[in-house]
Amino acid sequence: MPRTIAPSAPTAPQPLARDRLAQLEALDQRLLWLSAWTIHNANHLRESVDGIKVGGHQASCASMTAIMAALYFHALGPNDRVAVKPHAGPLLHAIHYLLGKQGVEALRQFRGFGGAQSYPSRTKDAIPVDFSTGSVGLGVAITAFASLVQDWMIAHGLLGHEEAGRMIALMGDAELDEGNIYECLIEGYKHDLRNCWWIVDYNRQSLDATTADRMFRRFDDIFETCGWRVVTLKHGKLQRETFARPGGQAIADWIETCPNADYAALTYKGGAAWRERLVADLADHPETLRLIAAHDDGALQQLMTTLGGHCIETLTAAFDAAQDERNTLFIAYTIKGHGLPLAGHKDNHAGLMTPGQIEGLRESLGIAPGEEWEPWAGLGDNAAAELRAFVAASTIAAKAGDHAAERVPVPAIPVPEGAAQSTQGAFGKILFELAKGRSPLADRILTTSPDVTVSTNLGAFVNSRGLFRRQDLPDVFRQLNVPSPQKWQGNPAGQHVELGIAEHNLFLMLAAAGLAGPLFGERLIPIGTVYDPFIARGLDALNYGCYQDARFLLVATPSGLTLGGEGGAHQSINPPLIAMGQPGLTHYEPATADELALLMEHAFRHLQAPDGGSIYLRLSTRTIDQPARADEGWKQGAIDGAYWRIAPTADQPVAIVAMGAMMPEALAAHAMLAEDMPGLGLLQVTSPGKLHRDWSDARAAIWKRGAHATSPVETLLAALPPSAGLVTVCDASPASLSWLGGVRGHRVNPLGTDRFGQTGSLPDLYGEYRLDAEAIVEAAAGLIAGAR
Ligand SMILES: Cc1ncc(C[n+]2csc(CCOP(=O)(O)OP(=O)(O)O)c2C)c(N)n1
Ligand SMILES: [Mg+2]
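To keep things clear, this report deals only with the structure shown in the data block. Source: prediction; values computed, not measured.

In this section: the overall build of the chain. A tally of helices and strands in the chain yields 34 helices and 20 strands. Since a compact globule built from 788 residues should have a radius of gyration of about 28 Å, the 30 Å found for the chain is in line with a globular shape. Taken over the C-alpha atoms alone, the chain extends approximately 105 × 70 × 50 Å along its principal axes. Relative to its 788 residues, the chain shows a buried fraction of 59%.

Considering only enclosed or pocket space, the largest pocket measures out at about 630 Å³ in volume. As for the largest pocket, its lining consists of 29 residues, of which Gln29, Gln302, Thr306, His310 and His338 are closest to the centre. Elements represented by at least two residues in the lining of the largest pocket include exactly helix 1 (18-45), helix 3 (65-75), helix 9 (237-243), helix 11 (260-269), helix 14 (297-305), helix 15 (312-320) and helix 16 (355-364). Ranked by the residues each element gives to the lining of the largest pocket, the list is headed by helix 1, at 5 residues. Residue classes in the lining of the largest pocket are distributed as 13 nonpolar, 12 polar and 4 charged.

The next point concerns the packing of aromatic side chains. Under the counting rule described, the total for this entry stands at 14 aromatic pairs. With a centroid separation of 5.0 Å and 80° between ring planes, the pair formed by Trp197 and Phe330 is classed as edge-to-face. Placement of the pair is Trp197 in strand 3 (residues 196-202) and Phe330 in strand 5 (residues 328-333), with a sequence separation of 133 residues. Of the two residues, Trp197 and Phe330, both sit in the buried class. On the basis of an interplanar angle of 65° and a centroid distance of 4.8 Å, the ring pair of Tyr263 and Trp274 is categorised as edge-to-face. Highlighted residues: Tyr263 in helix 11 and Trp274 in helix 12 (residues 271-281), separated in sequence by 11 residues. For the pair Tyr263 and Trp274, one class covers both residues: buried. Looking at Arg111, its charged tip hangs above the ring of Tyr119, at a distance of 5.5 Å from the centre.

Attention now moves to empty space enclosed by the protein. Applying the stated criterion to the full structure yields 4 cavities of 30 Å³ or more. Its volume calculated, the largest cavity comes out at about 130 Å³. In terms of lining residues, the largest cavity is bounded by 15 residues, among which Tyr72, His96, Pro128, Asp130 and Lys399 are the most central.

So, about the sheet that holds strand 20 (residues 747-751). Strand pairing in a sheet relies on backbone hydrogen bonds. The paired strands run either parallel or antiparallel. With mixed pairing, the 5 strands of this open sheet are ordered in space as 16-18-17-19-20. Two strands bound the open sheet, and with one partner strand each, they are strand 16 (642-646) and strand 20. Here the average twist between neighbouring strands, direction ignored, is 25°. Of the strand pairs in this sheet, strand 17 (residues 654-659) and strand 18 (residues 681-685) are connected by 5 bridges, and their pairing is parallel.

Attention now moves to the site of ligand 1. Ligand 1 sits among 18 residues. The nearest are Ser60, Lys85, Asp173, Gln205 and Lys336. Here a nitrogen atom of ligand 1 and a backbone polar atom of Val136 are 3.1 Å apart. Take Gln205: an N or O atom from its main chain is 2.8 Å from an oxygen atom of ligand 1. Class assignment for the residues of the shell around ligand 1 results in 3 nonpolar, 9 polar and 6 charged.

Cut-off values and rules
Residues numbered from 1 in each chain as written. Chains lettered and ligands numbered in written order. Predicted model: local features only at pLDDT ≥ 70, side-chain atom pairs only at ≥ 80, totals over all residues. Heavy atoms only, no water. Helix = DSSP H or I, 4+ residues; strand = E, 2+ residues; numbered from the N terminus. Rg over C-alpha atoms; globule rule 2.2 N^0.38 Å. Buried < 20%, exposed > 50% of the residue type's maximum accessible area, 1.4 Å probe, protein only. 1 Å grid on protein atoms, 1.4 Å probe; cavity = no way out; pocket = protein on both sides within 12 Å on 5 of 7 lines; lining within 4 Å. Points joined across faces, edges and corners; volume = space filled by probe spheres on them. Nonpolar A, V, L, I, M, F, W, Y, C, P; charged D, E, K, R; others polar. Phe/Tyr/Trp six-rings, centres within 6.5 Å; stacked < 30°, edge-to-face > 60°. Lys NZ or Arg CZ within 6 Å of the ring centre and 35° of its normal. Pairing = 2+ DSSP bridges. Axes fitted to C-alpha atoms, helices over the stretch in contact; angles between N-to-C directions. Near = heavy atom within 4 Å. Polar contact = N/O pair within 3.5 Å; in protein donor to acceptor, adjacent residues only side chain to side chain.

This is the structure in C-alpha cells:
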C-alpha cells in the first residue's frame, strides 16, 4: 500500500557556535583560494599544447564560496542532492579535495583531458556529482523533478519517508532568465512540490553586464505566487550591526536604491570611491558622515561588500530556519569576484587574475610559495588539525554518492493481436497488458506526458494504473456520471505523472526519473510520450538527460506524414537525424507490432544495462497489414537496426531500403518490380542511428586497436554487388538513410520529406513528396538505367 506522506516537523534554529563559525569562515577562505588557484594553474602555469584559452570562472566561484561552505559543511543532510551552478564547478572539486575524495592531479588537470571537468559532470568527474550542470537553468529545474520523483517513490513504498532528502539548486541570478525555470515552477505548483531549496547567488551580474534593476523584488512575487517561501539575505551581520548604529540607517536606505551597475562599479573601485559617493549622496546626514569617517578605506570596502551571501552567520541562520519541507528560494546577495581584485567589474565573468594578483591573494592568506596545493596551507598546525577534524566530522564526509540499484526483471512482451494495426495502437495495447499484469516491471513504470496522454495512446495504462497525485484528485466527470472512456482520478498510488504542455518539462521529468536508481537506490522505468515534432521543443533538456546518462524510454507519436489531415505544422521531418546525432539515445522506428514488442522488450533491458542508454521509439498512427513471419531470424536484425525483409539474390542491380510507416509503399513497389526482377531485396530498417553508430564504432575499432570488426550494416549490404543502387524510403528527412551509400559505395536514390509538410490524405501527400510506390519504382528504374 502506498504510504501517506506526512510533513516533517520544522526544527528551531540554534545560534552558530563560535568555533563552528570560525571553521566555516576558514573553509570559505580555503574554497576561495583553491578555486582561484585551480583556474590560475590551468591557465597560467600548465603547459599549453594548443595555444587555446583554457578558461574558468574565478569571479563566479568567489561569489559563492560562503554559500557553499555554509551549505556543504553545515546545512546539507545525508540524503540531500545538489545541482551546482555550472561555473562554480571548481568549488565543488575543492570541497571534495578537502574531504579527501578528490586527488590533486584532477585539480591540476582542471579542464584538461581526464581532469576535473569545467562543469560538474555525473559521468565524467571522479567526485560524486548529483546532477550534471552546464546549460544554465536545467540544473535548477531538474531538482524540482527529482523531488517529484522522490515523492513518487515514497508513495510507492520504494523509499522510506525518513529517507527523503532535499533537492537543492545553487544557481546564478542570470539563470532566472531561462524560461524553463518558470515552466517548471508552474508544474511544481500543480504537483504540490516540496523539499526544494533554490539558492540564488544574487550578484546581479550575468556574463555580459550587470542585470536589470527593474527586476528588484519581482522574483519574490513570482516565486511567492507559486507557493514558495522567499528568504532574502541582503545584508551580512556586519552591515546589519552598522546600520543599527547612529546614522547607519541612511546607508541602508542608500543601498536599497543604489542601481546594480553603480554598486558593482564602486565595489571594483574600492573604499575611496565608496567614500566619495556616500559623502556626496548623504551630505545632509551628519551622523552618517561621522559613521563613514570612522571607517578607513579598507573597512568601508568591507562594510559595503559584506552582503548576506558572504556572511556565514546569515547564511547558516537562514538555512537552519528553513528546516521544514516547504520549497524555499534563498536570494543571497553577493558580489561577483568577492575577495578578489576582479570584484564587481562588469567584465569579470571570464576574467582571470594576473600572476601578480594571485601572488597577492596567496600572501594575504599566508600561504607559502610552493604550498599552493596544500589543502590546509596558511593555517598553522593547530588550526589546520582542527579544520581537518571539522571537515572529517561533517555530515557530507559520510554522504554516499550514487546508489547501486538492482535490475528489474523484464518479462516477455507478447505481440498484440491484429491482422492490421498501427505502431501507436500496438504501443497502447502493450502497455495496457503490462498494466493488467503483475510483473515487477509494470510497478516500476512511471509514465509521463505533456498533455498528450490520451492522444499518444497512454490512456489505457493510465485507466488501469491511475494518475499520481500526492493528494487525492477526484474524477468529477465520473462522479457526475458523465460517460468518458478515460478515468482521470489521481492519488499517491497512481503511476502516471501528467504534465502541462511544456515539453521541456517532459524531458527534465524523464531525466530525473531516469536517474532514480543512482539517486534513490531503486530503478524506475520512465516512459514519456510526446508528439514527434515537439521533441524539438525540449531538445536541450533531452540532451541534458542523455549527457548525464539518465535512462528513459521516449515514445514520439504521431510522426511524419502519417499525421495526414492533422499534419502541416505538426509533421515531423528531422527527429531521426536529431536522434542520430544524440549520444546516449537510440532511435527505433518499427513498422510492425511484432517489431515494436521486440524493441520494447529490448528497451526495458537496454535502459538497465551498464553500457545501455535511453531509447526513442518513433511511432505512427497509420494502420498497416502485419506480416506473417516464417521464422525468428529477423529479430536480431531488428534490434541491430535492419534486416532483409526480402533477401536479395546475388547480383541484384538495385534494392529497396525502407523504414517504419513507409513499408506498405515499399512492399507495393517491391511487388511491382519483382515481376521483372525476381530476387529483388527489401531491407527493412528499424534504426538508422544504431546502424550508423555500430558502423562508426567498427571503423574506430580498426583505427584504435587494429581490431577487424564488421558492423551489421556492412554485413547486410554485402549481399549486394558494389554496382547496385539503393532506393531509400522514409517518412522523414531523406538524409536519415541516404548515408547508407557510404558504407560500401552503393549509389543511392533517397526518398523522403525535405520540405515543410502539407495537410492532406496519405495518397495526396505521398504523391506530393514522391513517396508512393510509383516513385519508388521510378527511383529504382533510374538507378538501373545508371542515372541518379
Ligand atoms: C543555456 C546557456 N546559455 C548560455 C550559457 C553561457 N553562460 C554561462 S554562465 C552565463 C552567465 C551566468 O550568469 P549568472 O547565472 O548570474 O552566474 P554568475 O554571475 O554567478 O557567474 C552564461 C550566459 C550557458 N552556460 N548556458
Ligand atoms: Mg550573476
